[in-house]
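One letter stands for each residue in the lines below.
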Amino acid sequence: MKNIAVIGAGTMGNGIAHTFAQFNYNVHLIDVSQGALDKGMATISKNLDRMVAKEKISEADKTQTLANITTFTTIKDGAKNVDLVVEAATENVSLKSKIFKELDEVCNENTILATNTSSISITQIAAVTNRPEKVIGMHFMNPVPIMKLVEIIRGYNTTDNVMNTIVDLSKKVNKIPVEVNDYPGFVANRILMPMINESIETLYNGVAGVKEIDTVMMLGMAHPMGPLQLADFIGLDVCLSILNVMHDGFKNPKYAPCPLLVNMVMAGKLGIKSGEGFYDYSESRKAERVAKMFS
């Protein structure tokens, strides 16, 4: 396995491309938007600069990593003649199904198709292809170049050979693969998202403000960042999508998203990506407009 295509140049996609390229894989980074590709490559370059500054890699390593990435604006051009595709598009089942149908037509019969979905059924995605045995979940954590964990999710038809191949590949790029079963949210988000949702409920009910909730979880539970700041980092729209998938999948009201989360997403307050969520990133990372609403 040497040639890898990554679909989506956003936060997760450019991080995945960065990681494979840093380990000298030939990476095809695919996005329908040339602007998104340019932004993604700029992000990779900036992150590599940080690694150079910290003396984790050399300037030559940075140059080689960037040289290992080629960008494409179509799946037809970018996904042919690769050994693996990792899809990292928006967390939307219709979009992912459309992408996997096209991949099934474009890729050769031996290509493994992986998805970075954080909650959607691997079996459901695989069902739109003629190679469900070669479809697998490869859920990286954000920020990808730093975080060690990769959840490896086997679909109903995924073969042992494909599972073993992806586990071995994850180890080769210095990740720690953990095999989990195909249920909504898998392990990471099945546990994380209810905690984030309950934190938003706590704010919504006026129990405490943003800073107070995050401080309790950081100082009391030794979390590196509070759940509301983490939600901003993940993207409130992504949090809402994952909760909806789990709510639909389990039919359990404990996964129902808090009305405040729903309203913030509808208002375009998505966290860091939009400049404002539970914290205001457009003026100061410590400003808390939402908190003032409940003080």
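Here the structure is a predicted model, which means the values were calculated and not measured.

### Overview of the overall build of the protein
In terms of regular secondary structure, the protein is built from 13 helices and 8 strands. Since a compact globule built from 295 residues should have a radius of gyration of about 19 Å, the 19 Å found for the protein is in line with a globular shape. Among the 295 residues that make up the protein, the fraction classed as buried is 47%. Considering only contacts within the protein whose residues lie at least 6 apart along the sequence, 65% involve residues at least 24 apart. Counting every atom, the protein has about 14100 Å² of accessible surface; 52% of that belongs to carbon and sulfur. Across the protein, the mean location of the 29 positive side-chain charges is 2 Å away from that of the 31 negative side-chain charges.

### Some details on the sheet that holds strand S8 (residues 176-180)
Sheet architecture is open: 8 strands sit in the order S3-S2-S1-S4-S5-S6-S7-S8, paired in mixed fashion. Looking at strand neighbours, the two that pair on one side only are strand S3 (69-72) and S8, the edges of this open sheet. If you compare each strand with its neighbour and ignore which way they point, the axes differ by 25° on average. Strands strand S2 (26-30) and S3 of the sheet are contacted by helix H2 (residues 34-53), whose axis makes an angle of about 160° with S3. Contacts from helix H7 (residues 160-172) reach strand S1 (3-7), strand S4 (84-87), strand S5 (112-115), strand S6 (135-140), strand S7 (149-154) and S8 within the one sheet, and its direction differs from that of S7 by about 175°.

### Regarding the packing of helix H1 (residues 11-22) against H2
If you want to describe how two helices pack, look at the angle between their axes and the distance between the axes. H2 packs onto H1 with a crossing angle of 55° between their chain directions and a minimal axis gap of 9 Å. By the angle between their directions, the pair H1 and H2 is classed as oblique. Crossing geometry of H1 relative to H2 is assigned as right-handed. Seen from H1, the contacting residues are Asn14, Ala17, His18 and Gln22; seen from H2, they are Gly40, Thr43, Ile44, Asn47, Leu48 and Met51.

### Looking at the confidence of the model for the protein
Model confidence for the protein is summarised by a mean pLDDT of 95, while 96% of its residues fall at 70 or above. Scored below 50 in pLDDT, residues 286-295 shows 16 contacts in the model against residues more than four places distant or in partner chains.

### What about the pattern of salt bridges?
Considering all chains together, one arrives at 8 salt bridges under this definition. For glutamate 133, the salt bridge is made with lysine 134, and the minimal N-O distance between the two is 3.6 Å. Between aspartate 237 and lysine 273 there is a salt bridge, and its shortest N-O distance comes to 3.0 Å. Of this pair, aspartate 237 sits in helix H11 (residues 236-250) while lysine 273 sits in the loop between helix H12 (259-266) and helix H13 (289-293), placing them 36 residues apart in sequence. It is possible to trace a salt-bridge network through shared partners that takes in Glu87, Glu91 and Lys96.

### Some details on the UniProt feature "domain: 3-hydroxyacyl-CoA dehydrogenase NAD binding" (unreviewed entry) in the protein
When the UniProt feature table is mapped onto this chain numbering, "domain: 3-hydroxyacyl-CoA dehydrogenase NAD binding" (unreviewed entry) sits at residues 3-182. Secondary structure content for residues 3-182 is 43% helix and 22% strand, while the C-alpha to C-alpha distance between its ends is 27 Å.

### What to know about the packing of aromatic side chains
All told, the structure shown has 3 aromatic pairs when counted by the stated rule. Centre to centre, the rings of phenylalanine 20 and tyrosine 25 are 5.8 Å apart; their planes meet at 80°, and the pair counts as edge-to-face. The same class applies to phenylalanine 20 and to tyrosine 25, which are both buried. The rings of Phe20, Tyr25 and Phe140 are connected pair by pair, giving a single aromatic cluster. Above the plane of the ring of tyrosine 25 lies lysine 2, whose end atom (NZ or CZ) is 5.7 Å from the centre.

Here is what the cut-offs are and how they apply
- Residue positions are counted from 1 within each chain, in the order its sequence is given.
- A pLDDT threshold of at least 70 governs which residues receive local features in this predicted model, and a stricter bar of 80 or more applies before side-chain atom pairs are shown or counted, although totals over entire chains, interfaces and linings include all residues.
- Hydrogens and waters are ignored; side-chain quantities use all the structure's heavy atoms.
- Numbered from the N terminus, helices here are DSSP runs of H or I no shorter than four residues, and strands are runs of E no shorter than two.
- C-alpha atoms define the radius of gyration, and 2.2 Å times the number of residues to the power 0.38 defines the globule rule.
- Note on classification: 1.4 Å probe, protein chains only; a residue is buried when its accessible area is under 20% of the maximum for its type, exposed when over 50%, partly exposed between these limits.
- By the convention used here, residues are in contact when the closest approach between their heavy atoms is within 4.5 Å.
- Where accessible areas are quoted, they stem from the Shrake-Rupley method and a 1.4 Å probe; at the residue level, only the protein chains shown are allowed to cover.
- In this charge count, Lys and Arg are treated as positive and Asp and Glu as negative; neither His nor the chain ends contribute.
- Lys charges are placed at NZ, Arg charges at CZ, Asp charges at CG and Glu charges at CD.
- Paired strands, as defined in this entry, are two strands with at least two bridges between them according to DSSP.
- Here, axes are lines fitted to C-alpha atoms. For helices the fit covers the stretch in contact, and angles between N-to-C directions go from 0 to 180 degrees.
- Note that the term roughly parallel is reserved for angles under 35 degrees, roughly antiparallel for angles over 145, roughly perpendicular for angles of 65 to 115, and oblique for everything else.
- Two helices crossing with the near one rotated counterclockwise from the far one by less than a right angle form a left-handed crossing, whereas a clockwise rotation gives a right-handed crossing.
- The predictor reports its confidence for every residue as pLDDT, a score running from 0 up to 100.
- What counts as a salt bridge is simple: a side-chain nitrogen of Lys or Arg found within 4 Å of a carboxyl oxygen of Asp or Glu.
- UniProt positions are given in the numbering used here, feature names are shortened, and annotations may be inferred rather than shown by experiment.
- Aromatic pairing here means that ring centres of Phe, Tyr or Trp (its six-membered ring) are within 6.5 Å. Orientation follows from the plane angle: under 30 degrees is stacked, over 60 is edge-to-face, and everything else is tilted.
- Any Lys NZ or Arg CZ found within 6 Å of a ring centre and within 35 degrees of that ring's normal is scored as a charge over the ring.

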